[in-house]
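Here is what each chain is made of, one letter per residue.
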Amino acid sequence: MAGYAVEIDDVTVRFRSKKRDVTALTDVTMRVEPGEFVSIVGPSGCGKSTLLKLASGLLPASTGDVRLFGEPVHGPRKDIGYVFQKAALLEWRSARKNILLQAEMRKLPPKEAAARADELIEMTGLSGFEDALPHELSGGMQQRVALCRALLHRPPVLLMDEPFGALDALTREQMNVELRRIWQETGTTVLLVTHSIAEAVYLSDQVVMISARPGTVAGVVDVNLPVERDYGPTMAEPEFAKATRHIRDHLGAAAAAE
Amino acid sequence: MVTHTQSARTGQRERAGEASGVAERGRPGIGQRLGGFLERSWRPFALLAALFVAWWGVTAAELVEPYLVPSPGDTFDAIAARPEYFWEHTWTTTYETILGFVIAIAVGVVAAVAMVQSSTLEKTLYPLLLFAQVIPKIAIAPLFVVWLGFGLGPKILVAVLMAFFPVVISMVTGLKSVDPEMLQLSSTMGAKSGQTFWKIRFPASLPHLFSGLKVAATMAVTGAVVGEFVGANAGLGFVILQANGNLDTPVLFAGLLIMSLLGVLLFVIVEWLEQLLLPWHASRRDEGASTTL
Ligand SMILES: Nc1ncnc2c1ncn2[C@@H]1O[C@H](COP(=O)(O)OP(=O)(O)OP(=O)(O)O)[C@@H](O)[C@H]1O
Ligand SMILES: [Mg+2]
């Protein structure tokens, strides 16, 4: 077994349709160690969602190789948890049943799954809304249901596509702290796509910057913050300011060049 | 506009329901649902009553000859004079309609599922379906009588043929309208295609199916009566034809009245089933509807 949880090797992704060809990603190489938390930032449409779909095997690479724990990825992988950019909930299922879909599809033991679901509901502050249908939940709550669903089976790799985009600033901070804690407890490898530079720096060991179309890795920032990160103090650290400034400059420069 | 009001309303409900919990709001009891249904459907009933009064007014004022348009009283007298006769023929038509409708649903749903699974099958079947739909049923009904005789067979067959098309089309649309990300999610869960079908695709297609079923329900009644027109010794179509031959307009009107009631009743049953089986869909639609009114 090779050393990397996720390996993306010189990958290009092209979308061909009748009207036009779009090169979403080109020459992308990236390696994620097991247990690492890596964020992906970049302008809208640069191929961040595409990158996650690539890693999960939902989308084939036009050229190049993708490996998960050393195994080449051909076709959808089930050893992952995926949080889509839209919540993608089944509207006829209650919040709890949506979370448990994961267990039903994987045929997990119902009792354990139910206990785990309760734990996650509690943790994400959805208590009291277990029986609500998706259309009765706010956008942020729907997204939290999707997060619970992705965590239910304790996946070795968690792929998250702007999971907190629909949350208000305060809830978002709480969720960040929560996610950091979940990550520390579970030792899961996380790939997180986000538009928030602060979120990326606070959460990650590494931030990968993607340039505008065709997307390619514009740089990688190592975040040298301590493992224990209290929200307020971390924000005040000089290293935090340095990392965010670096990323902002980089993305800003890329935007200016466009 | 609508979404704005709707969200405001949801907000209100959320605040109001905080203490009581969400579950109660989500699933009203059958009684409550029936009450809601009556509340929503009094308008059409009022309109029907108005039409009825107009009918009565026209005949009472003798604006038209009674042998052309009989009064409501004469029409009901015609029914009251021979209740068993009407009951028997109504039952025959009801039987044909329901059997035709049920067969159309079964065949239609299976065909739709097959067509969605295989695009070759879809390409092969679609033209055939279209052909079966555009051919005038009244024109082929005599042929069915030749093939199947004067019994129930040809009537049910015409009912099936008429009801089948909306079922297939709506089900195919429904099965195809599933959010592709939902299917991707399902594959990251390692779901088998059977699981994906029963847990995601099929339930997601039901709202579409039900809108097709509402059309199909009324088509099935028409189909059964058309079947009866071309050769029958029972059923409402037969009653209407016979009354026409005798210039017995009260019986003719009675037949028409019962026939329309049958269609409406079937439609209402389908609608009610939809509310019962798809409360998640109905409650969403109701919200939209009540804010637009
Ligand atoms: N299925 C598809 N077919 C054709 N083109 C696609 C498809 N999916 C994505 N693209 C194109 O690939 C590019 C990258 O899309 P992607 O969704 O990965 O962007 P993104 O970085 O996630 O953007 P955002 O931040 O707005 O979510 C876009 O130009 C988009 O038009
Ligand atoms: Mg995206």
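The rules behind each value
- Throughout, a residue's number is its position along its own chain's written sequence, starting from 1.
- The order in which chains are written sets their letters, starting at A; the order in which ligands are written sets their numbers, starting at 1.
- It should be noted that, the model being predicted, local features are given only for residues of pLDDT at least 70 and side-chain atom pairs only at 80 or more, the latter also being counted only at that level, while totals for whole chains, interfaces and linings use all residues.
- For the side-chain quantities, the full set of heavy atoms in the structure was used; hydrogens and water were omitted.
- UniProt positions are given in the numbering used here, feature names are shortened, and annotations may be inferred rather than shown by experiment.
- Sites may look incomplete because water is not among the atoms; the donors themselves are N, O and S atoms within 2.8 Å of the metal, or within 3.2 Å for Na, K and Ca.
- For helices the rule is a DSSP run of H or I covering at least 4 residues; for strands it is a run of E covering at least 2, with both sets numbered from the N terminus onward.
- Axes here mean lines fitted to C-alpha atoms, for a helix over just the part in contact, with angles spanning 0 to 180 degrees between N-to-C directions.
- If an angle is under 35 degrees, it is roughly parallel; if it is over 145, roughly antiparallel; if it lies from 65 to 115, roughly perpendicular; otherwise it is oblique.
- Two helices that cross are described as forming a left-handed crossing if the nearer one is turned anticlockwise from the farther one by less than a right angle, and a right-handed crossing if clockwise.
- The criterion used for residue contact is that any of the two residues' heavy atoms lie within 4.5 Å.
- Three residue categories are used. Nonpolar comprises Ala, Val, Leu, Ile, Met, Phe, Trp, Tyr, Cys and Pro, charged comprises Asp, Glu, Lys and Arg, and polar comprises the others, including Gly.
- Boundaries of every domain are those given by an automatic assignment or by a domain database.
- Two parts placed together each lose some accessible area; with a 1.4 Å probe, that loss summed over both constitutes the buried area.
- Each salt bridge in this description consists of a side-chain nitrogen of Lys or Arg and a carboxyl oxygen of Asp or Glu lying within 4 Å of one another.
- Any pair of N or O atoms that falls within 3.5 Å is considered a polar contact. Within protein, one atom must be able to donate a hydrogen and the other to accept it, and sequence-neighbouring residues count only if both atoms are side-chain atoms.
- We call two strands paired when DSSP finds no fewer than two bridges between them.
- We call a residue near a molecule or strand as soon as one heavy atom of that residue lies within 4 Å of the molecule or strand.
- Method for areas: the Shrake-Rupley scheme with a 1.4 Å probe, in which residue coverage is limited to the protein chains shown.
- For the exposure calls, accessible area comes from a 1.4 Å probe over protein chains only, and a residue counts as buried if that area is under 20% of its type's maximum, exposed if over 50%, partly exposed in between.
- Each residue gets a pLDDT score, which is the predictor's confidence in that residue and runs from 0 to 100.

As recorded in an unreviewed UniProt entry, chain B goes by NitT/TauT family transport system permease protein and comes from Prauserella sediminis. Quoted verbatim from the Sequence similarities (unreviewed entry) heading of the UniProt record, the comment on chain B is "Belongs to the binding-protein-dependent transport system permease family." What the UniProt record of chain B gives under Subcellular location (unreviewed entry) is the line "Cell membrane".

Per an unreviewed UniProt entry, the recorded name for chain A is NitT/TauT family transport system ATP-binding protein, and the organism is Prauserella sediminis.

Undergrad: What's the story with the coordination of the magnesium ion (ligand 2) in this structure? I'm lost.
TA: In a perfect tetrahedron of four donors around a metal, the angles come out at 109.5 degrees. In a perfect octahedron of six, they are 90 or 180 degrees. Listed as protein donors to the magnesium ion (ligand 2) are Ser49 of chain A (OG) and Gln85 of chain A (OE1); their distances from the metal cover 1.9 to 2.4 Å. Here serine 49 of chain A, found in helix 1 (residues 48-56), pairs with glutamine 85 of chain A, found in the loop between strand 6 (80-83) and helix 2 (95-106); they are 36 residues apart in sequence, far enough to count as distant.

Undergrad: It is not clear to me how the packing of helix 5 (residues 83-117) of chain B against helix 10 (residues 193-229) of chain B should be interpreted in this structure. Could you clarify?
TA: Between two packed helices, the angle of one axis relative to the other and the distance separating the axes together describe the packing. Residues and elements named next belong to chain B. With their axes 8 Å apart at the nearest point, helix 5 and helix 10 run at an angle of 140° to one another. It follows that helix 5 is oblique to helix 10 by the angle criterion. The two elements helix 5 and helix 10 cross, and the hand of that crossing is right-handed. Touching Thr93, Glu96, Thr97, Phe101, Ile105, Val109, Val113, Val116 and Gln117 of helix 5 are Phe197, Arg201, Leu209, Leu213, Ala216, Ala217, Ala220, Val221, Ala224, Val225 and Glu228, all from helix 10. For the contact of helix 5 with helix 10, the per-class residue count stands at 14 nonpolar, three polar and three charged.

Undergrad: What should I look at first to understand the domain arrangement of chain A in this one?
TA: In many reports, interface size means the accessible area that the parts give up when they come together. All names here are of chain A. What the domain assignment reports for chain A is domain 1 (6-79 + 157-257) and domain 2 (86-154). Between domain 1 and domain 2, the C-alpha centre-to-centre distance is 24 Å. On the side of domain 2, 10 residues touch domain 1, which itself brings 13 residues to the contact. When domain 1 packs against domain 2, the two sides together hide about 1,000 Å² of surface, and 73% of this comes from carbon and sulfur. Applying the counting criterion to the domain 1 and domain 2 interface returns zero salt bridges. Here domain 1 and domain 2 share one residue pair in polar contact (both at pLDDT 80 or more) between them.

Undergrad: Honestly, the sheet that holds strand 1 (residues 6-16) of chain A in this entry has me stumped. Any pointers?
TA: Sheets are built from strands that pair by backbone hydrogen bonding, the pairs being arranged parallel or antiparallel. Residues and elements named next belong to chain A. If you walk across this open sheet you meet the four strands as 2-1-4-5, and the pairing is antiparallel. Two strands bound the open sheet, and with one partner strand each, they are strand 2 (21-32) and strand 5 (71-72). Pairing geometry for strand 1 and strand 2, over eight bridges, is antiparallel. If you follow valine 6 over to strand 2, its bridge partner there is valine 32.

Undergrad: Can you walk me through the site of ligand 1 in this structure?
TA: Residues and elements named next belong to chain A. Surrounding ligand 1, one finds 14 residues, the nearest of these being Ser44, Gly45, Lys48, Ser49 and Thr50. Within the backbone of glycine 47, one N or O atom sits 3.0 Å away from an oxygen atom of ligand 1. When the free accessible area of ligand 1 is taken as 630 Å², the share hidden by the protein chains comes to 65%. Elements supplying a minimum of two residues to the shell around ligand 1: strand 2 and helix 1.

Undergrad: Is there a simple way to explain the pattern of salt bridges in this structure?
TA: Two side chains carrying opposite charge are able to pair once their charged atoms lie near each other. All names here are of chain A. The final tally for this structure, using the stated rule, is 20 salt bridges over all chains. Glutamate 104 is the partner of arginine 93 in a salt bridge, and the nearest nitrogen-oxygen pair spans 2.8 Å. Residue arginine 93 is located in the loop between strand 6 and helix 2, and its partner glutamate 104 is located in helix 2; the two are separated by 11 residues in the primary sequence. The class for arginine 93 is buried, based on a relative accessible area of 10%. Here arginine 96 ties to aspartate 118 by a salt bridge, and the two come within 2.8 Å at their closest N and O atoms. Of this pair, arginine 96 sits in helix 2 while aspartate 118 sits in helix 3 (residues 110-123), placing them 22 residues apart in sequence. Judged by its relative accessible area of 22%, arginine 96 is partly exposed. What makes aspartate 118 partly exposed here is its relative accessible area of 37%.

Undergrad: Mind showing me how you'd approach the UniProt feature "transmembrane region" (unreviewed entry) in chain B here?
TA: Residue and element names in this part refer to chain B. Here the UniProt feature "transmembrane region" (unreviewed entry) sits at residues 97-116, 128-150, 156-175, 215-240 and 252-273. Along residues 97-116 the backbone is 100% helical and 0% strand, and the end-to-end C-alpha distance reaches 28 Å. For residues 215-240, helix accounts for 77% and strand for 0%, while the C-alpha atoms at its two ends are 23 Å apart.

Undergrad: Help me understand the confidence of the model for chain B in this model?
TA: The predicted structure's coordinates, where accompanied by low pLDDT, should not be read in detail. Residues and elements named next belong to chain B. Looking at chain B as a whole, the pLDDT averages 82, with 83% of positions reaching at least 70. Considering only residues more than four positions removed or in separate chains, one finds that residues 1-26, a stretch of pLDDT under 50, has 24 contacts. Under a pLDDT of 50 for its full length, residues 288-293 has, in the predicted model, eight contacts with residues more than four places off or in other chains. The complex model carries a pTM of 0.80, and its ipTM stands at 0.87.

Undergrad: Before we go on, may I ask you to explain the UniProt feature "domain: ABC transmembrane type-1" (unreviewed entry) in chain B in this structure?
TA: What UniProt calls "domain: ABC transmembrane type-1" (unreviewed entry) maps, in this numbering, to residues 90-270 of chain B. Across residues 90-270 of chain B, the secondary structure splits into 87% helix and 0% strand, with the terminal C-alpha atoms separated by 19 Å.

Undergrad: I would appreciate a short explanation of helix 9 (residues 180-188) of chain B in the present structure.
TA: For an α-helix, 3.6 residues make a turn, and residues three or four places apart therefore share a direction. Where helix 9 of chain B is concerned, the buried positions are Glu181, Met182, Gln184, Leu185, Ser186 and Thr188 of chain B. Contacts from the buried residues of helix 9 of chain B go to helix 1, strand 6, helix 2 and helix 4 (139-151) of chain A together with helix 10 of chain B. One or two residues past the end of helix 9 of chain B sits glycine 190 of chain B, with phi positive at roughly 70°.

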